[in-house]
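Residues per chain are reported as follows:
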Amino acid sequence: MIPSFRAFLVNQAGSDFEAGLKELTEQDLPPGEVLIKVAYSGINYKDAMACNPNGQIIRKFPCIPGVDLAGNVVESSDSRFKAGDPVVAHSYNIGVSHHGGFSEYARIPAAWVMPLPGGLTLLESMVLGTAGFTAALALQRMEINGLKPENGPVLVTGATGGVSSAAISMLKNHGYTVAASTGKETEHEYLKELGATEILSRAEVAAESPKPLERERWAGSVDSVGGSTLAYLARTTKIGGSIAACGLTGGSTFQTTVYPYILRGVSLLGIDSVNCPMPVRQQLWDRMGADLKPQNLAGIIAREVSLEELPEVTKIILNSGVRGRYIVKL
């Protein structure tokens, strides 16, 4: 029996929304074969929405947010894991309808847990987290679709966020010429340090246009923005190029025509990290500890925070004030 522990719990009853620290016991944890002493969790945009009213992310209240977690096994009824094993878990229903990583302890179904990949520490795994995994999945999907460094530059939008920061570094490591778009003029140096050689303004990539096609510029793109930015990418992607769509900070709808898809063969690739099959997930995580591991991984950390600081940090993230990744240290 583990001692009582702290967790950041959100609850909603009718119009009343509550979010804050609670003292819990092991009996408060949901079913699962693996009990984990959490060391770190990452704060994603999805988590920030979950911690605030009207986020429409949590499907079952009360809930501990935090779709990422890394730590050590305390006990397991599944023979694949034993006490002391360092492990990682993310996505599936974690932090949405199953208590997540913003807690000193978590009980997770064994099917959602994987051993800590070689080449990564527990902290590094959460600097990557769902954001890094999404970036890796986007790169792999584009490469399967034919993307190669010699095809031309790749544009990463919303470039200072967690997904995009990891994507820039991963692409640079694999020999791609990387461009980045951001609305934050103060962060150009940060993006160049990650590997971007060209910086575009947010206004340029979000501009509306009556033209169904514009000058071909990008062999591929990783888009965490959506909205009018995704429409811009459709108009400017090269013949046979691809757009990996993985976010909607700029809006969930966009206006385009069929021309990019039938005249240039552009592929719009939806990146779903939540339901990605475990074999693909494990293979990508192994790569994230090896050839996809950003060379300057520590530089992607915005800062480490405590559970007490979550309300402040989630508001910063929702207001697009984040650069890189905020990490919760438990």
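Going by the structure above, here's the rest.
Residues numbered from 1 in each chain as written. Predicted model: local features only at pLDDT ≥ 70, side-chain atom pairs only at ≥ 80, totals over all residues. Heavy atoms only, no water.

*Asks:* Would you mind going over the side chain of Asp68 in detail, with residue names and values included?
*Replies:* Counting through the fold element by element, Asp68 comes out in strand β4 (residues 68-76). For Asp68, a relative accessible area of 0% corresponds to the buried category. Engagement of the side chain of Asp68 in a polar contact is seen with the side chain of Asn44, the distance being 3.0 Å. Beyond its immediate stretch of four places on either side in the chain, Asp68 contacts Ser41, Gly42, Asn44, Ala89, His90, Gly101, Met126, Gly129, Thr130 and Arg325. (Helix = DSSP H or I, 4+ residues; strand = E, 2+ residues; numbered from the N terminus. Buried < 20%, exposed > 50% of the residue type's maximum accessible area, 1.4 Å probe, protein only. Polar contact = N/O pair within 3.5 Å; in protein donor to acceptor, adjacent residues only side chain to side chain. Contact = heavy atoms within 4.5 Å.)

*Asks:* Describe a nonpolar patch on the surface, listing the residues and the values that go with them.
*Replies:* Together, Val258, Tyr259, Ile262 and Leu263 give the surface a local cluster of nonpolar side chains, amounting to about 420 Å² of exposed area. Turning to its location among the elements, Ile262 is positioned in helix α7 (residues 259-263). (Patch = residues over 30% accessible without salt bridge, like charges linked within 9 Å, V, L, I, M, F, W, Y side chains within 5 Å. Areas by Shrake-Rupley, 256 points an atom, 1.4 Å probe, with all protein chains shown as cover. Salt bridge = Lys/Arg side-chain N within 4 Å of Asp/Glu carboxyl O.)

*Asks:* How would you summarise the pairing of strand β5 (residues 86-90) if you had to cite specific residues and measurements?
*Replies:* In terms of burial, β5 is a largely internal element, four of the five residues being buried. Where β5 and strand β7 (residues 113-115) come together, three bridges link them in antiparallel fashion. Residue pairing for β7: Val87 is matched across the bridge by Pro115. (Pairing = 2+ DSSP bridges.)

*Asks:* Break down the nonpolar core for me, citing the residues and quoting the values.
*Replies:* Within the largest apolar cluster, 64 residues are counted, with the highest numbers of intra-cluster contacts made by Ile108, Ile168 and Met170. For this core, the element with the highest residue contribution is helix α2 (residues 122-144), accounting for twelve residues. For Ile108, the contacting residues outside a window of four places in its chain are Gly32, Glu33, Val34, Ile36, Leu69, Ala89, Ile94, His98, His99 and Val113. One finds Phe8, Val10, Leu29 and Val96 within the second-largest nonpolar core, a separate group that totals 29 residues. (Core = buried A, V, L, I, M, F, W, Y, C linked by side-chain atoms within 4.5 Å.)

*Asks:* Outline helix α9 (residues 310-318), supporting the account with residue identities and numerical values.
*Replies:* Listing the buried residues of α9 in full gives Leu310, Val313, Thr314 and Ile317. On an axial view of α9, the arc spanned by its buried residues comes to 100 degrees, and they lie on one face. The elements touched by buried residues of α9 are β1 (5-13), β3 (34-43), α1 (45-50), β14 (301-305) and β15 (325-329). In the segment just after α9, Ser320 is the residue with positive phi, at about 60 degrees. (Arc of directions from axis to C-beta.)

*Asks:* Any details on the side chain of Thr157? Residues and values, ideally.
*Replies:* Turning to its location among the elements, Thr157 is positioned in the loop between β8 (154-156) and α3 (162-173). Polar contacts involving the side chain of Thr157 include one to the main-chain amide nitrogen of Ser224, which spans 3.2 Å. Ignoring anything within four residues of it in the chain, the contact list for Thr157 reads Ser164, Ser181, Val222, Asp223, Ser224, Val225, Thr229 and Leu233.

*Asks:* Which residues make up the packing of aromatic side chains, and what values go with them?
*Replies:* Overall, the coordinates contain two aromatic pairs when judged by the stated rule. Seen in terms of ring centroids, Tyr92 and Trp112 are 5.5 Å apart; in terms of plane orientation they differ by 5 degrees. Their pairing is stacked. Of the two residues, Tyr92 sits in the loop between β5 and β6 (105-108) while Trp112 sits in the loop between β6 and β7, which places them 20 residues apart along the sequence. It is Arg323 that lies over the ring of Tyr190; its NZ or CZ is 4.4 Å from the centre. (Phe/Tyr/Trp six-rings, centres within 6.5 Å; stacked < 30°, edge-to-face > 60°. Lys NZ or Arg CZ within 6 Å of the ring centre and 35° of its normal.)

*Asks:* Could you give an account of the pattern of salt bridges, with specific residues and numbers?
*Replies:* The tally for this structure, following the rule as stated, stands at 15 salt bridges. Between Glu312 and Arg303 there is a salt bridge whose closest N-O contact spans 3.6 Å. Linked by salt bridges that have partners in common, Arg6, Glu104 and Glu308 make up one network.

*Asks:* Explain the environment of Phe81 to me, using residue names and the numbers behind them.
*Replies:* In this fold, Phe81 is placed in the loop between β4 and β5. Each C-alpha atom of the pair Phe81 and Pro115 lies 8.1 Å from the other, and the pair is 34 residues apart in sequence. Excluding residues that lie within four positions of it along the chain, Phe81 makes contacts with Val34, Val73, Ser76, Val87, Ala110, Val113, Met114 and Pro115.

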